[in-house]
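# A look at the structure
Listed below, chain by chain, are the residues.
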Amino acid sequence: MIGSRLGAAAAQEGLPVVDVPTDVRWDGVTAAVRTAVIAALAGRPRLRPGPELAARRRHENDVVHRQISAHEQQIGATLPPFPYACTCGRSGCADVDPATTADY
Ligand SMILES: [Zn+2]
């Protein structure tokens, strides 16, 4: 019920929705989120490399970590390592640091 309400609210605002099933496959979720984010950011100003970009990556990693932790708590299991983004602040860096929620 909560998921359908969130989806309806997002649709009303014209925002994308990425459904994450309980038997999550991160490759599919990553691709869906990437597609939605690229579309949402098209034509918007980019973050400046350095501290501004690094801070944003840390924030994104923190958000993902919170979501994964909540999901693990809900299902009572530990998920495989997630590819957290590198926080070096270099523009175009695609490095990742796979970590479990405990290791993060
Ligand atoms: Zn990097």
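Being a predicted model, the structure only gives us computed values, none of them experimental. (Residues numbered from 1 in each chain as written. Predicted model: local features only at pLDDT ≥ 70, side-chain atom pairs only at ≥ 80, totals over all residues. Heavy atoms only, no water.)

### Observations concerning helix α1 (residues 2-13)
If you check α1, its first and last C-alpha atoms are 17 Å apart, about what 12 residues at 1.5 Å a residue would give, namely 16 Å. Immediately downstream of α1, the backbone of glycine 14 shows phi near 75 degrees, a positive value. (Helix = DSSP H or I, 4+ residues; strand = E, 2+ residues; numbered from the N terminus. Expected span 1.5 Å × (residues − 1).)

### What about the packing of aromatic side chains?
Applying the stated rule across the entire model yields three aromatic pairs. Aromatic pair phenylalanine 82 and tyrosine 84: ring centres 5.1 Å apart, planes at 70 degrees, arrangement edge-to-face. These aromatic residues form a ring-pair network of at least three members: Trp26, Phe82, Tyr84 and Tyr104. (Phe/Tyr/Trp six-rings, centres within 6.5 Å; stacked < 30°, edge-to-face > 60°.)

### Section: the coordination of the zinc ion
For the zinc ion, the full set of protein donor atoms is Cys86 (SG), Cys88 (SG) and Cys93 (SG), and the range of their distances to it is 2.2 to 2.3 Å. In terms of primary sequence, the donors binding the zinc ion are separated according to C-x1-C-x4-C. Residue classification places cysteine 86 among the partly exposed positions, given a relative accessible area of 25%. Using a relative accessible area of 22% as the deciding quantity, one classes cysteine 93 as partly exposed. (Donors = N, O, S within 2.8 Å, 3.2 Å for Na, K, Ca; no water. Buried < 20%, exposed > 50% of the residue type's maximum accessible area, 1.4 Å probe, protein only.)

### Examining the domain arrangement of the chain
The domain boundaries assigned to the chain delineate domain 1 (1-44) and domain 2 (47-104). Taken residue by residue, the interface counts four residues in domain 1 and four residues in domain 2. Both sides of the domain 1 and domain 2 interface together cover about 390 Å² of buried area, and 78% of this is carbon and sulfur. On the domain 1 side of the interface with domain 2, the three residues burying the most area are Thr22, Val24 and Trp26, jointly 86% of the side's total. At the junction of domain 1 and domain 2, the tally comes to zero salt bridges. Counting across the interface, domain 1 meets domain 2 through zero residue pairs in polar contact (both at pLDDT 80 or more). In terms of residue class, the side of domain 1 that touches domain 2 is built from three nonpolar, one polar and no charged. (Domains from an automatic or database assignment. Contact = heavy atoms within 4.5 Å. Buried area = accessible area lost by both parts, 1.4 Å probe. Salt bridge = Lys/Arg side-chain N within 4 Å of Asp/Glu carboxyl O. Polar contact = N/O pair within 3.5 Å; in protein donor to acceptor, adjacent residues only side chain to side chain. Nonpolar A, V, L, I, M, F, W, Y, C, P; charged D, E, K, R; others polar.)

### Side note on the pattern of salt bridges
In total, this model carries three salt bridges according to the counting rule given. Residues glutamate 60 and arginine 57 are paired through a salt bridge, measuring 2.7 Å at the closest nitrogen-oxygen approach. Of the two residues, glutamate 60 and arginine 57 are both situated in helix α3 (residues 51-75); the distance of three residues between them amounts to about one turn of the helix. Note on glutamate 60: relative accessible area 32%, which makes it partly exposed.

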